[in-house]
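The chain contents come next:
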There are 4 protein chains.
Amino acid sequence: MHTFTGVVPPVVTPLHADGSFDKASFTRLLDRLIDAGVDGLFILGSSGEVAFSDDERRGEIIAAAVDHVAGKVPVMVGCIDMETKRVIAHAKQAKELGADAIVATAPFYALGGLREIERHFRQIHAACDLPLFAYDIPVCVHTKLPGALLLQLGKDGVLAGVKDSSGDDVSFRFLAQENTAAGKPLVLLTGHEVVVDGAYLSGADGVVPGLGNIDPESYVKQFKAYQAGDWDEVRRLQDHLTELMRIVLVTTGAVGFGAGVGAFKTALALLGVFESNRMPEPVPTLVDDNVQAIADQLARCGFQPTRTAAEVSCGEYAGE
Amino acid sequence: MHTFTGVVPPVVTPLHADGSFDKASFTRLLDRLIDAGVDGLFILGSSGEVAFSDDERRGEIIAAAVDHVAGKVPVMVGCIDMETKRVIAHAKQAKELGADAIVATAPFYALGGLREIERHFRQIHAACDLPLFAYDIPVCVHTKLPGALLLQLGKDGVLAGVKDSSGDDVSFRFLAQENTAAGKPLVLLTGHEVVVDGAYLSGADGVVPGLGNIDPESYVKQFKAYQAGDWDEVRRLQDHLTELMRIVLVTTGAVGFGAGVGAFKTALALLGVFESNRMPEPVPTLVDDNVQAIADQLARCGFQPTRTAAEVSCGEYAGE
Amino acid sequence: MHTFTGVVPPVVTPLHADGSFDKASFTRLLDRLIDAGVDGLFILGSSGEVAFSDDERRGEIIAAAVDHVAGKVPVMVGCIDMETKRVIAHAKQAKELGADAIVATAPFYALGGLREIERHFRQIHAACDLPLFAYDIPVCVHTKLPGALLLQLGKDGVLAGVKDSSGDDVSFRFLAQENTAAGKPLVLLTGHEVVVDGAYLSGADGVVPGLGNIDPESYVKQFKAYQAGDWDEVRRLQDHLTELMRIVLVTTGAVGFGAGVGAFKTALALLGVFESNRMPEPVPTLVDDNVQAIADQLARCGFQPTRTAAEVSCGEYAGE
Amino acid sequence: MHTFTGVVPPVVTPLHADGSFDKASFTRLLDRLIDAGVDGLFILGSSGEVAFSDDERRGEIIAAAVDHVAGKVPVMVGCIDMETKRVIAHAKQAKELGADAIVATAPFYALGGLREIERHFRQIHAACDLPLFAYDIPVCVHTKLPGALLLQLGKDGVLAGVKDSSGDDVSFRFLAQENTAAGKPLVLLTGHEVVVDGAYLSGADGVVPGLGNIDPESYVKQFKAYQAGDWDEVRRLQDHLTELMRIVLVTTGAVGFGAGVGAFKTALALLGVFESNRMPEPVPTLVDDNVQAIADQLARCGFQPTRTAAEVSCGEYAGE
C-alpha cells in the first residue's frame, strides 16, 4: 500500500541522437534517483515528454520503468491526452504494464467547463481502479482546477491526490487547509522546484520537482528536514536548489519546454547520465554556448560535469 | 488537381447513443452536403471531434468518408495532435486511407515559440507529401500563427493554405493582401460562420463553416454570389445564417464545444439526418428544454424538424 | 439633434517637442478632417492619448476642439478613467465645455464583474445627461462588454450607442442584428480600420478609425459608397486603406501605442499637419529609420510627405 | 531614515454611508494598526481604493494619515494612475503632504513594452526624490515586472524597493536571491496574505497584507517570529490568518474588489472600527446574509463582532 508522499521526481525521458528512446540512459537515471532515496517516480509527466510520445513510445517507457524499478518505489504514470476516451486508453495501458497510480489533467483542446472536468475525472476513475491523481497544470491545459471540486472528488473516492503545478500558491494553501479539516482525503504534491519550502509550510505531502532529476539528494534531504521540523535546513537546501534551477535561465534563444527540459537533459548529458541531450521534435536541442552556460552553472553549484560542452553538443544546428 | 476553395464544411461526427461511430448517419450527412453543392469536406476538424477520437476512431471516420465520397469532392483530414511526431503519424494514416489534403495546428500542450512552430510544419510536410493546411485556432491551441510565418511557409511550398479560425479579422485582411501581392501561394479559408461576408471582402478563397452542416445550401449560394460580385445577396444570406447560428446561443447550461457542436448535432437529429445527438465524453448531451429551444430556432429560420424534442432527448441526465 | 453616425475619427493629440499641447497643429488637423467631410470628431479617445492626459490637459483639448469646431460637426469626448466617480467628473467637465456626447469604457484596475459594469454606466448616465456611448475596448480595459447588457442599456435609455474596438466581429454581428430587431436603440460605431467594409456588411452605423487622421477622404468616400450600396467601391477603398495602415507595421522596436499612434503622429508630421511627432511619456518618439519607413509607406500609398525624415526626427534618442 | 521593512498594512479607506471620506473611522483604524505594532502604513494602495479616488479625495486621505500618524511610523503612498505624467502629479502631491515613500505600478491602459516601463520608473524618480517602490500587480495592470529590470533599477538608485502582489512566487524567489547577491539594493515586500510564511522563507523584508487591517497583531507577531527564526510559530500564525482570510470567500454574488475589500470593510464595521462598510461606486456594498457570513467567520477565528449584521447592513439593495 503506497502513500505516494515524499519526493517523486518527474522522470525526464532520454533519447538517442536519432530520436529513439534510450533505455540504457533511462535506467541509469532511475538507478540514480532510487539510490538518492526518492520515494516514488512519476514517468510520462509533462517533463517526461508525454505530449511528444505516441502510444508505442509510452508503452516502451512504462515497461522499462516498471521492470527496472521492480517495486522498490511506486511508479506513477502520466496519462495525458486531450479528452476522456483517450486518457482512459492510456490508463488501461498503464495498469496493464504495472503502474501503481495514474495522473491525468483536465481535458484540453475542446472548450468546456466545470461539468466536463468533473465527468472526466469520474469516468477515468470508473474505467481504471488505480489511484488517480489530478494534475493541475493550467500553463499546459489552460484550466485551473478549483479546490472545491478537487476536494469533493477526493471525498467521493474518485481522486487519491493532486499534483499541483498551477503556481497558484494561495489556492494551494486554502486547499491544504480544507483537505486537512476534511481528514486528508487527498495526497497533495507540489510541482514547485524553487519554493518547495513554502509548499511544505502550506502542508504539502510531497514534491514532484523536475530539477529532482539533477539533484535528487537535496530534495530528499529537504523532505527529511521538513519531516523533522528543521525549517532552517529546509530553507538552506531550497536556496541551493534555487541557485541550481538557474540552469533553465542561463541559455539564450530557447523558450518553454526547450529551455526547461532542455536544460535538464543537457545537465544529465554533461553529468554522464544521459548519452545525448536530444529533444523531441519540433523542439530544438541545446548546443554549444548554451550547453557551456549550463555546464558553468552546474559547476557553480558543486556539480562537476564529466563531459565537455563540445562532447555533448550534437551539432544539430550546424546545417541551419 | 484540387483547389480546396469554396465551401468546405467541417463535418460533424455522429455517434450512436452508446458512443460508437454512427456510419449510417455520417454518410447521410455527407450525401446531404454533396447534394447541396459543397466544394469539399473537412473531416476530423475541431467540430468533427478529432480531439475525442483515438487512432482507431479516426481511421473509421476517414475510411468511411473517403469510400463514400469516392472522389466527388476533395476530402481534407484534420491531423490534430499535441506534437509533431504524433501529427505525422496521423498524416500518414490519412494519406494511406486516401485523404486529399491534411490540416494541422501549431503544436500544443508543451510550451514553445515560433521556432518550434516553424520546424513543426516543415517536418510534417517533409514526412507527408499531401497538400498541408495550417489550422490557426488559438482558442484551442493558445498560439496565434503569425501571418509572416504563414506566408513564408507558403512561398517555400511547405503550406498549401490556411484555415483561419482565429477570429482575428485584421490579421486575416493583412495576410490576404500580402498573399495576393506574393502571387497567392496560400489558399485562404475562413472558419467564420456569421461574418463570412466580411471574410469574402477581405479576399477569402473559401469557407469552413460548422453551421454548414445544417444549412449547406445557403453557404453554397453565398459563395456563388461572392464569385458573381453580388454583395447584396452575399449579405442577405449572411443575415439569414447569422440568425440560424443562434442555435448555439439559445441553450442554457451548456458551454464551449457542448453548446456549439452540441447544437449542430441536435439540429441534425431534429432534422432526421442524425440518429442521435450523443456527445463524446466528457461533454454532456443536450436534452429536453435545450433541444426544444434549438427546434424552435430552426423553425424560426425556416427549417422544419421532423422529430420532436422528446424523440431526440436521449434522457442521459435523467439519473443525474 | 446629432445622429453620431458616419465617419468620426478619433483625433490624435499633437504635442510640441517639449511635451506641451500644440493647439495650432490640433486645429490644423481639425480643419483637415472637417474639410474632408467627416461626420463627427471623437477627441480624447485612446488614440487621443486620454490615458496620458490629466484634467487640465483634457480641459485644454476639449475647449480647443469645441471652440474651433463651432458646431460644424458633433464633438464626442472620451471620459476615460478607472472608476465611476472619476469618469463622472470628466463627463461633467466635458459637458461644461460644450461636448455633444461622452464616451466611457467599463471600469478598470479594480477587479469587478457584470454588476459593477452595469451600475457604472447607469450612474454615469444619471450624473450627466449627454448622449453616452459605451467604449468596448478589452485590449485596454480587459473586459469585453456583453451584447445583451449593451442592448438592455440601450433599451433603457442609458446608452445612446457603442464604440466597438473589441475586434470581436462575431459578437458585433450578433449585436447589430439584435439591435435592428429591437428598433435600433443603439448607434453602433466600429473602431476598425482595415475591416471596416466587413463592419458595414454587419450593419455598422459609422466608423471611428485612427487611420482617419491620415486619410479622412477615403473613409468619407467609403461611407458614402456604403450608403449607396456600392460594395465594390467600399472594398476597393478598404484595400487602399489597409495598405496605408501598414505605416503601423513598418517600424522596428516600437510596440503598442508607440507603434500605432506613433505612426499616426509621424505621418501627420511628415505631411506638415503636425509640428512634431512627439509622444507622451513614457512612450518613445519615433526617429530616423522608423520615420523614413513611414515616409516610404505614405509615398507608396500616394501621400507625398512635405518634410523629410530628418526634419521630423526630433533626435530624442541621440543621447540614449 | 526609514527602512520600510516589516508589517506595512495597505490601509482600507472608510466611507460614510453617503460615499464621502470618513476621517474618524480612518484615524480609528490607523490607531488600531499602530497600537498593534505595525512598522509602516501603505495608504492609497489597491485595497485603499486609490483607483476610485480623485485628486481631492487622495489629498484628504494623505493629509489625514500624515497628520494623524505624526511620524510614529513611515507612511507610504500609492501614486497609481494610468501613465507617467499623472503618476508624477500624484507623487508631487504626496511629497507635499508629507509622504515618506511613494509606490507606483507599471503604466496601464495604453499598450506598451519594457522600454516604456523602464522610462516610466526613471522619470517618476527624476521628478520626485522620495523613495520609490515598484508595485508589481499584474492582475490590475496586466504586466508582470521582470526581475532583471527591477534589480537594475534598484542598482541604479531609481527604485528603493518592490511591493510584490504578482502571486508569482517563483519569480519572487529568484529576485530575492539575486537581490541578496547584489547587496540588497531593493527592499522586497510581499503582498501575500495566506502564504506570507513562504515569502519569508524566500527572503521577503516585509509584508503588505490587506488582511492586516483586520488582524494586525498576528502579522506583527509573525514578523517577529520570522526575525527570531521561529518557523513553527510563523507557520502557526499563518494557518490562523489563512482561516481568517476566508472572510473573502464566504460571501455569494460578490466578486473581485467587492468580495475582497468588501469583506475587509464589513469586518471592520462589524468590529466597530468603521462606521459603515460602504463601497465606492460602482461596487455593490455587502449586506444581510453576506454580512452575517463574515460575522460568523470572524467569530470562528476568535474575533467577536460588536455590531450585528443587521446594524451593519446599510440596506442599499433594498430598492434593487
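These figures come from a predicted structure and were not determined experimentally.

Of regular secondary structure, chain A possesses 13 helices and 8 strands. Against the 2.2 N^0.38 benchmark of 20 Å for 320 residues, chain A shows a C-alpha radius of gyration of 19 Å, consistent with a compact globule. Principal-axis analysis of the C-alpha atoms gives chain A an extent of 55 × 45 × 35 Å. When burial is assessed residue by residue, chain A has 65% of its 320 residues classed as buried. In chain A, once contacts between residues fewer than 6 apart in sequence are set aside, the share between residues at least 24 apart is 71%. About 10,300 Å² of surface is accessible on chain A, with carbon and sulfur atoms providing 52% of the total. Side-chain charges in chain A split into 27 positive and 42 negative, and the spacing between the mean points of these groups amounts to 4 Å.

We now examine the arrangement of the chains. There is a gap between chain A and chain C: no contact, and a shortest C-alpha distance of 18 Å. For the non-touching pair chain B and chain D, the nearest C-alpha separation works out to 18 Å.

A word on the relation of the copies chain C and chain D. Of the transformation superimposing chain C on chain D, the axial component is 0.0 Å and the angular component is 180°, with the fit at an RMSD of 0.0 Å. As the rotation angle and translation indicate, the two copies are arranged about a two-fold axis. When the interface residues of chain C are mapped onto chain D, 100% of them are again interface residues, pointing to one common binding face.

With 46 residues of chain B at the contact, the number on the chain A side is 46 residues. Summed over both sides, the interface between chain B and chain A buries roughly 3,900 Å², with carbon and sulfur atoms accounting for 57% of that surface. At the surface where chain B touches chain A, the tally comes to 6 salt bridges. A salt bridge links B:Asp81 to A:Arg86; the shortest N-O distance between them is 3.1 Å. Counting every contact that joins chain B to chain A gives 15 residue pairs in polar contact (both at pLDDT 80 or more). For the side of chain B that touches chain A, the secondary-structure elements that each account for two or more residues are helix H2 (55-69), helix H3 (84-96), helix H4 (114-127), helix H5 (138-141) and helix H11 (256-270) of chain B. The greatest single-element share of the side of chain B that touches chain A, amounting to 5 residues, is contributed by H4(B). Partitioned by chemical class, the residues of the side of chain B that touches chain A number 22 nonpolar, 11 polar and 13 charged.

This next bit is on helix H10 (residues 231-245) of chain B. Here H10(B) contains 15 residues, and its C-alpha end-to-end distance of 20 Å stays within 8% of the 21 Å for a straight helix at 1.5 Å per residue. Those residues of H10(B) not exposed but buried are B:Trp231, B:Val234, B:Leu237, B:Gln238, B:Leu241, B:Thr242, B:Leu244 and B:Met245. All buried residues of H10(B) project into a common sector of 155° when viewed along the axis, lining one side. Against the buried residues of H10(B) lie helix H8 (196-201), helix H9 (216-228), H11 and helix H12 (288-300) of chain B together with helix H7 (169-181) and helix H10 (231-245) of chain C.

On to the pairing of strand S4 (residues 101-105) of chain B, then. All names here are of chain B. With 5 of its 5 residues buried, S4 lies for the most part within the structure. Taking every second residue as pointing to the same face, both faces of S4 are buried, with Ala101, Val103 and Thr105 on one and Ile102 and Ala104 on the other. Judged from the 3 bridges that link them, strand S3 (residues 75-78) and S4 form a sheet pairing that is parallel. Note on S4: the bridge partner recorded for Gly78 is Val103. In this sheet, strand S5 (residues 132-136) lies alongside S4 in parallel orientation, the contact comprising 4 bridges. Bridge pairing in S5 places Ala104 opposite Ala134. A crossover links S4 with its parallel partner S5, the connecting element being H4, and its sense is right-handed.

Quick look at the relation of the copies chain B and chain A now. The operation relating the pair of chain copies consists of a rotation about an axis and a translation along that axis. The transform that puts chain B on chain A rotates by 180° and translates by 0.0 Å along the axis, for an RMSD of 0.0 Å. Both copies contact each other with a shared surface, as 100% of the interface residues of chain B are interface residues in chain A too.

Judged by nonpolar contacts, the single largest core of 480 residues is most densely connected at A:Phe121, B:Phe121 and D:Phe121. In contact with A:Phe121, other than residues within four places in its own chain, are A:Ala104, A:Thr105, A:Ala106, A:Leu132, A:Ala134, A:Leu145, A:Leu153, A:Val158 and A:Leu159.

It is worth spelling out helix H6 (residues 147-155) of chain D at this point. Residues and elements named next belong to chain D. Every buried residue of H6 is accounted for by Leu149, Leu150, Leu151, Leu153 and Gly154. Against helix H4 (114-127), strand S5 (132-136), strand S6 (161-164) and helix H7 (169-181) lie the buried residues of H6. Trailing H6 by a residue or two, Gly157 shows a phi angle of about 80°, which is positive.

Take the environment of C:Gln123 next. Looking at the secondary structure, you find C:Gln123 in helix H4 (residues 114-127). For the pair C:Gln123 and C:Thr84, spaced 39 residues apart in sequence, the C-alpha separation works out to 7.5 Å. Dropping the residues within four chain positions of it, C:Gln123 is found in contact with C:Thr84, C:Ile88 and D:Glu281.

Attention shifts here to the sheet that holds S4(B). Sheets are built from strands paired through backbone hydrogen bonds, the pairs being either parallel or antiparallel. All names here are of chain B. One open sheet holds the 8 strands; their spatial order is S1-S8-S7-S6-S5-S4-S3-S2, and the pairing between them is parallel. In this open sheet, the two strands that pair with only one neighbour each are strand S1 (6-7) and strand S2 (41-43). For S5 and strand S6 (residues 161-164), the ladder comprises 4 bridges, and the chain directions are parallel. When the bridges of S6 are listed, Phe133 appears paired with Gly161. In this fold helix H7 (residues 169-181) packs onto S6 and strand S7 (187-190), with an angle of close to 160° to the strand it touches most, S7.

This part takes up the packing of aromatic side chains. Scanning the entire structure with this criterion turns up 38 aromatic pairs over all chains. An aromatic cluster is present here, built from A:Phe108, A:Tyr109, B:Phe108 and B:Tyr109 joined pairwise through their rings.

Our focus in this paragraph is the pattern of salt bridges. Scanning the entire structure with this criterion turns up 68 salt bridges over all chains. The residue B:Asp197 makes a salt bridge to C:Arg173 at a minimum N-O spacing of 2.8 Å. Here the residue B:Asp197 occupies a position in helix H8, and C:Arg173 occupies one in helix H7, the pair thus bridging two chains. Of the two residues, B:Asp197 and C:Arg173, neither departs from the other in class, the shared state being buried.

Under the feature "active site" (unreviewed entry), the UniProt entry names A:Tyr135 and A:Lys163. The greatest C-alpha distance among the residues just named is 4.8 Å, despite their covering 29 residues of sequence, which places them together in space. Turning to its location among the elements, A:Tyr135 is positioned in strand S5 (residues 132-136). In contact with A:Tyr135, not counting residues within four places along its chain, are A:Phe42, A:Gly45, A:Ser46, A:Ile80, A:Val103, A:Ala104, A:Thr105, A:Ala106, A:Leu145, A:Lys163, A:Ser165 and B:Tyr109. Inspection of the secondary structure puts A:Lys163 in strand S6 (residues 161-164). Not counting residues up to four positions away in its chain, the partners in contact with A:Lys163 are A:Phe42, A:Ala134, A:Tyr135, A:Asp136, A:Leu189, A:Gly191 and A:Val208.

Here the focus is the interface of chain C and chain D. A common measure of how large an interface is: the accessible area buried when the components associate. Every contact between the two is made by 46 residues of chain C and, on the other side, 46 residues of chain D. Approximately 3,900 Å² of surface area, both sides summed, lies buried where chain C meets chain D, with 58% of it carried by carbon and sulfur atoms. Seen at the junction of chain C and chain D, the total is 6 salt bridges. As a salt-bridge pair, C:Arg119 and D:Glu281 come within 3.1 Å of each other at their nearest N and O atoms. Of the residues forming the side of chain C that touches chain D, the biggest block, 5 residues, is contributed by H4(C). Of the residues assigned to the side of chain C that touches chain D, the class counts are 22 nonpolar, 11 polar and 13 charged.

What follows deals with the sheet that holds strand S8 (residues 206-207) of chain D. Residues and elements named next belong to chain D. The sheet built from 8 strands is open, its strands ordered S1-S8-S7-S6-S5-S4-S3-S2 with parallel pairing. One side of each edge strand has no neighbouring strand; the edge strands of this open sheet are strand S1 (6-7) and strand S2 (41-43). Where strand S7 (residues 187-190) meets S8, 2 bridges bridge the pair, whose relative direction is parallel. The partner of Thr190 across the bridge, within S8, is Val207.

Residues and elements named next belong to chain A. Each domain of chain A was delimited in the assignment, giving domain 1 (6-231) and domain 2 (256-312). Here domain 1 and domain 2 have C-alpha centroids that lie 24 Å from each other. Domain 1 puts 23 residues into the contact, and the matching count from domain 2 is 20 residues. Across the interface of domain 1 and domain 2, roughly 1,700 Å² is buried in total on both sides, 69% from carbon and sulfur atoms. Contact with domain 2 buries area across many residues of domain 1, yet Leu15, Phe52 and Ile214 alone supply 34% of it, more than any other trio. One salt bridge connects Lys265 with Glu49, and the closest N-O pair in it is separated by 2.9 Å. The tally of links from domain 1 across to domain 2 stands at 6 residue pairs in polar contact (both at pLDDT 80 or more).

Cut-offs applied
Residues numbered from 1 in each chain as written. Chains lettered and ligands numbered in written order. Predicted model: local features only at pLDDT ≥ 70, side-chain atom pairs only at ≥ 80, totals over all residues. Heavy atoms only, no water. Helix = DSSP H or I, 4+ residues; strand = E, 2+ residues; numbered from the N terminus. Rg over C-alpha atoms; globule rule 2.2 N^0.38 Å. Buried < 20%, exposed > 50% of the residue type's maximum accessible area, 1.4 Å probe, protein only. Contact = heavy atoms within 4.5 Å. Areas by Shrake-Rupley, 256 points an atom, 1.4 Å probe, with all protein chains shown as cover. Lys, Arg positive; Asp, Glu negative; His and termini not counted. Charge placed at Lys NZ, Arg CZ, Asp CG, Glu CD. Least-squares fit on C-alpha atoms with pLDDT ≥ 70 in both. Buried area = accessible area lost by both parts, 1.4 Å probe. Salt bridge = Lys/Arg side-chain N within 4 Å of Asp/Glu carboxyl O. Polar contact = N/O pair within 3.5 Å; in protein donor to acceptor, adjacent residues only side chain to side chain. Nonpolar A, V, L, I, M, F, W, Y, C, P; charged D, E, K, R; others polar. Expected span 1.5 Å × (residues − 1). Arc of directions from axis to C-beta. Pairing = 2+ DSSP bridges. Right-handed = clockwise from strand over helix to strand, strands pointing away. Core = buried A, V, L, I, M, F, W, Y, C linked by side-chain atoms within 4.5 Å. Axes fitted to C-alpha atoms, helices over the stretch in contact; angles between N-to-C directions. Phe/Tyr/Trp six-rings, centres within 6.5 Å; stacked < 30°, edge-to-face > 60°. UniProt positions renumbered as here; feature names shortened; annotations may be inferred. Domains from an automatic or database assignment.

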